[in-house]
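Descriptive analysis of the structure
Each chain, written out:
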Amino acid sequence: MAASNAGRHPQNVGCRTLSLSAHVGFDSLPDQLVRKSIKHGFCFNILCIGETGIGKSALMSSLFNTNFDNSPSTHFLSSVRLRTQTYELQESNVLLKLTIVKTLGFGDQVNKADSYQPIVDYVDAQFEAYLEEELKVIRSLFSYHDTRIHVCLYFISPTGRSLKTIDLLTMRNLDSKVNIIPVIGKADSISKTELQEFKKKIMSELVSNGIRIYQFPTDDETVSGINTMTNGYLPFAVVGSMEKVKVGNKMVRARQYPWGIVKVENESHCDTIKLRRMLCTNMEDLREKTRAYYESYRCCRLEKLGCRDIGPENKSISLQEVVEAKRLEFCLEKEEKEKKIKQQFMQKVNKKAAVLEEAEQQVLTKFERLMLTHQEEKLKLGEKKKILEDEIAQFIEKKAITESILSQVSVSTPVVSLKTQGLQKNQDFQPEVQCFCVRDEGTVNVGEQSERESEKEKLEKENSSREFQE
Ligand SMILES: Nc1nc2c(ncn2[C@@H]2O[C@H](COP(=O)(O)OP(=O)(O)O)[C@@H](O)[C@H]2O)c(=O)[nH]1
Ligand SMILES: [Mg+2]
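The rules behind each value
- Here, residues in each chain are numbered from 1, in the same order as that chain's written sequence.
- Chain letters and ligand numbers both follow the written order, the letters beginning at A and the numbers at 1.
- Where local features are concerned, this predicted model is filtered to residues with pLDDT of at least 70; where side-chain atom pairs are given and counted, the filter is 80 or more; whole-chain, interface and lining totals use all residues.
- In DSSP terms, a helix is any run of H or I states spanning at least four residues, a strand is any run of E spanning at least two, and both are numbered starting from the N terminus.
- We call a residue exposed when 12 or fewer other C-beta atoms sit within 10 Å of its C-beta, buried when the count reaches 20 or more, and partly exposed for counts in between; the C-beta positions come from the backbone.
- A residue pair is marked as a contact if its C-beta atoms, positioned from the backbone, fall within 7 Å.
- Orientation is described by lines fitted to C-alpha atoms, with helices fitted over the stretch in contact, and by angles between N-to-C directions that extend from 0 to 180 degrees.
- An angle counts as roughly parallel when it lies under 35 degrees, as roughly antiparallel when it exceeds 145, as roughly perpendicular when it falls between 65 and 115, and as oblique in every other case.
- Two helices crossing with the near one rotated counterclockwise from the far one by less than a right angle form a left-handed crossing, whereas a clockwise rotation gives a right-handed crossing.
- Side-chain classes are defined by residue name, with Ala, Val, Leu, Ile, Met, Phe, Trp, Tyr, Cys and Pro counting as nonpolar, Asp, Glu, Lys and Arg as charged, and the others, Gly among them, as polar.
- Here, any two strands with at least 2 DSSP bridges between them count as paired.
- By convention, orient the strands away from the viewer: a clockwise path from the first strand over the helix to the second makes the crossover right-handed.
- What makes a nonpolar core is a set of buried Ala, Val, Leu, Ile, Met, Phe, Trp, Tyr and Cys residues, with links drawn between C-beta atoms within 7 Å.
- Here pLDDT means the predictor's own confidence in every residue, given as a number from 0 to 100.
- Only the C-beta atom, placed from the backbone, is used; a residue is near a molecule or strand if that atom lies within 6 Å of it.
- Here a helix's expected span is defined as the number of its residues, less one, multiplied by 1.5 Å.
- Within this analysis, the arc is defined by the directions that extend from the helix axis to the C-beta atoms.

Further remarks concern the overall build of the protein. For the protein, the helix and strand inventory stands at 12 helices and 9 strands. For the protein, with 470 residues in total, the buried portion stands at 20%. Partitioning the contacts of the protein with sequence separation of at least 6, the portion at a separation of at least 24 is 66%.

A few words on the environment of Phe127. Here Phe127 lies in helix α3 (residues 117-135). A sequence separation of 21 residues divides Phe127 from Arg148, and the C-alpha atoms of the two residues are 6.0 Å apart. Those residues within four positions of Phe127 in sequence are excluded, and the remaining contacts are Arg148, Tyr294 and Tyr297.

This next bit is on the packing of α3 against helix α4 (residues 165-174). The interhelical angle for the contact between α3 and α4, taken along N-to-C directions, is 20 degrees, at an axis separation of 10 Å. When the axis of α3 is compared with that of α4, the two are roughly parallel. When the axes of α3 and α4 are compared, the crossing they make is right-handed. Touching Ile119, Val120 and Val123 of α3 are Thr170, Asn173 and Leu174, all from α4. For the contact of α3 with α4, a count of residues per class yields 4 nonpolar, 2 polar and no charged.

This next bit is on the pairing of strand β5 (residues 180-184). The buried count for β5 comes to 5 of 5 residues, which makes it a mostly enclosed element. Residues Ile180, Pro182 and Ile184 line one face of β5 and the alternating positions Ile181 and Val183 line the opposite face, and both faces are buried. For strand β4 (residues 151-156) and β5, the ladder comprises 5 bridges, and the chain directions are parallel. If you follow Cys152 over to β5, its bridge partner there is Ile180. In this view, the connection linking β4 to its parallel neighbour β5 by way of α4 has right-handed handedness. Pairing analysis gives 2 bridges linking β5 to strand β6 (residues 236-237), with the strands arranged parallel. Paired with Val183 across the two strands is Phe236, which belongs to β6.

Now for the packing of helix α2 (residues 56-63) against helix α7 (residues 272-281). Where α2 meets α7, the closest approach of the two axes is 10 Å, and the angle between their N-to-C directions is 65 degrees. The handedness of the crossing between α2 and α7 comes out as right-handed. Contacts from Leu59, Ser62 and Leu63 of α2 reach α7 at Thr272, Leu275 and Arg276.

Another point: the nonpolar core. Across soluble globular proteins, nonpolar side chains show a tendency to be buried alongside one another. Counting residues in hydrophobic clusters, the biggest one holds 51 residues, and the most contacted among them are Cys48, Cys152, Leu153, Tyr154, Val183 and Val238. The element contributing the most residues to this core is β4, with 6 residues. Excluding residues within four positions of it along the chain, Tyr154 makes contact with Ile49, Met171, Ile180, Pro182 and Val183.

Moving on: the sheet that holds strand β8 (residues 250-257). Judged by pairing direction, the sheet is antiparallel, and its 3 strands sit side by side in the order β7-β8-β9 without closing on themselves. Each of the sheet's edge strands pairs with one partner strand only, and the pair in question is β7 (244-247) and β9 (260-263). Going from strand to strand, the sheet's axes swing by 70 degrees on average, the running direction of each strand aside. Bridge count for β8 against β9 is 4 bridges, and the pairing is antiparallel. If you follow Arg255 over to β9, its bridge partner there is Val262.

Before going further, it helps to spend a moment on the confidence of the model for the protein. Of all residues in the protein, 86% have pLDDT values of 70 or greater, and the mean over the chain is 86. Residue range residues 415-444 is modelled with pLDDT below 50. Its contacts to residues more than four positions away, or to other chains, number 15 contacts.

It is worth spelling out the sheet that holds strand β2 (residues 81-91) at this point. Taken together, 6 strands build an open sheet; the order of strands is β2-β3-β1-β4-β5-β6 and the sheet is mixed. For this open sheet the edge positions go to β2 and β6, each flanked by a neighbour on one side alone. Pairing geometry for strand β1 (residues 42-49) and strand β3 (residues 94-104), over 7 bridges, is parallel. In the sheet register, Phe42 faces β3, and the bridge partner there is Leu96.

Now for the site of ligand 1. In the vicinity of ligand 1 lie 15 residues, with Gly55, Lys56, Ser57, Ala58 and Lys186 positioned nearest. Among the elements that take part in the shell around ligand 1, α2 stands out by supplying 3 residues, more than any other. Tallied by class, residues from the shell around ligand 1 come to 4 nonpolar, 7 polar and 4 charged.

Most peptide bonds take the trans form, and the phi angle of most residues other than glycine is negative. Of note, the bond from Leu234 into Pro235 is cis; its omega dihedral lies within 30 degrees of zero at -10 degrees. Mapped onto the elements, Pro235 comes out in the loop between α6 (221-231) and β6. Look at Asn65: it is not a glycine, yet its phi comes out positive at around 50 degrees. Inspection of the secondary structure puts Asn65 in the loop between α2 and β2. A positive phi angle, near 55 degrees, is found at Ser92, a position not held by glycine.

Let us look at helix α8 (residues 283-304). With 22 residues, α8 extends 32 Å between its outermost C-alpha atoms, agreeing within 8% with the 32 Å of an ideal straight helix rising 1.5 Å per residue. Residues Leu286, Thr290 and Tyr297 constitute the buried set of α8. All buried residues of α8 lie within an arc of 35 degrees about the axis, which places them on one face of the element. In α8, the exposed residues that point more than 90 degrees away from the buried face are Glu284, Glu288, Ala292, Glu295, Ser296 and Glu303. Check the buried side of α8 and you find it contacts α3 and β4. Of the residues trailing α8, Gly306 is marked for its positive phi of about 95 degrees.

What follows is the structure, encoded as structure tokens:
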């Protein structure tokens, strides 16, 4: 047994490397992994972004040599939507679970400023779903259908001019979340020299706008040569077709025109075959880079939730400590909020109480004023009542006097004797009758009374003189 440090991984410092004297058998580990992966199958998710009718569906069918469901979308959607379709494809004994996500209505709205938003939201939602699964107490990541986007094929219109604002905006908002591979759709509609110029223009615009696109890895020596070359083909000029055309005695996927045939799988006609090859050879790298994008998403989300690995004084912090610190922070925050709410409530109550007190004061002063007026009125009424009572008393007194006088008069008048003797009414006795009528009414006013009294006195005098004469 001999120790060696040669080719040691930096992480293995402090760990001795020994050579084996005989076969052990752990060299079968990669085979086990391969078998397990084959049994489990592979998952790959593609996002196609491009205007309606740019050839997304045709390219997907051309890339995977099959005809996927294809229901053409309209140009009249009010906003950008995403359509997700998942397929299981098998080649030899390898199973591929392929999810194709396509934009619908992209670039069809008058205002395209927010066209990228539903796409960004979709990509984030897939990260969030994975994070939720990862944070579950009972999780099943092995059987979980991972929908995180591994590659985004961004379809550029073959205008031959430059990128549109919507292209720059969308790619800029996605380049930190997903591997972007730009492709020029319907590349058969642009001439060979124009295409080369167009490709250069696109690449320089991407660089000048700081948009990062996926670069095929060149650090692995087995693929570095081809990948370096392929990076020079970016953006891929792609042609797609749903149909097969008979060329010689073979049926090939192609587009037939009056002037000739464009073969999808012919590298001198378009880059579709290059794109397919690069996707297949770098599928694992695309998946790995997606995991890196997910890691940064996860990091941001957990930091927002208050989780961290390093505590105060740069000491590492355990999950339990993080949870405890967060709980404490939450309790303090809650207490602070409660205090604030209580204060606000008390302020409101005090304010209301002050308003009520003022209103009560106003009511009281009004009541007091009313009471005072009432008292005054009462006093005035009392005085009036007293005057009236005095008047009534005077009246009664006068009335009594009058009545007594009248009774004296009536006793001494011949009228009574005349009446009793049944004699006829004489003209001279008329005032006597009137006098009795007045007495019966009993509602004579004082002025009238005194008038009548003087009349009665007169009568009395007349009567007495008459009596005297008689
Ligand atoms: N010239 C040309 N036409 C294409 C190409 N790919 C698709 N088409 C045609 O463009 C139309 C829309 O294609 P489709 O794949 O449904 O577009 P999507 O709306 O982006 O999915 C169809 O008539 C296709 O035959 C291409 O590479 N070149
Ligand atoms: Mg389509």
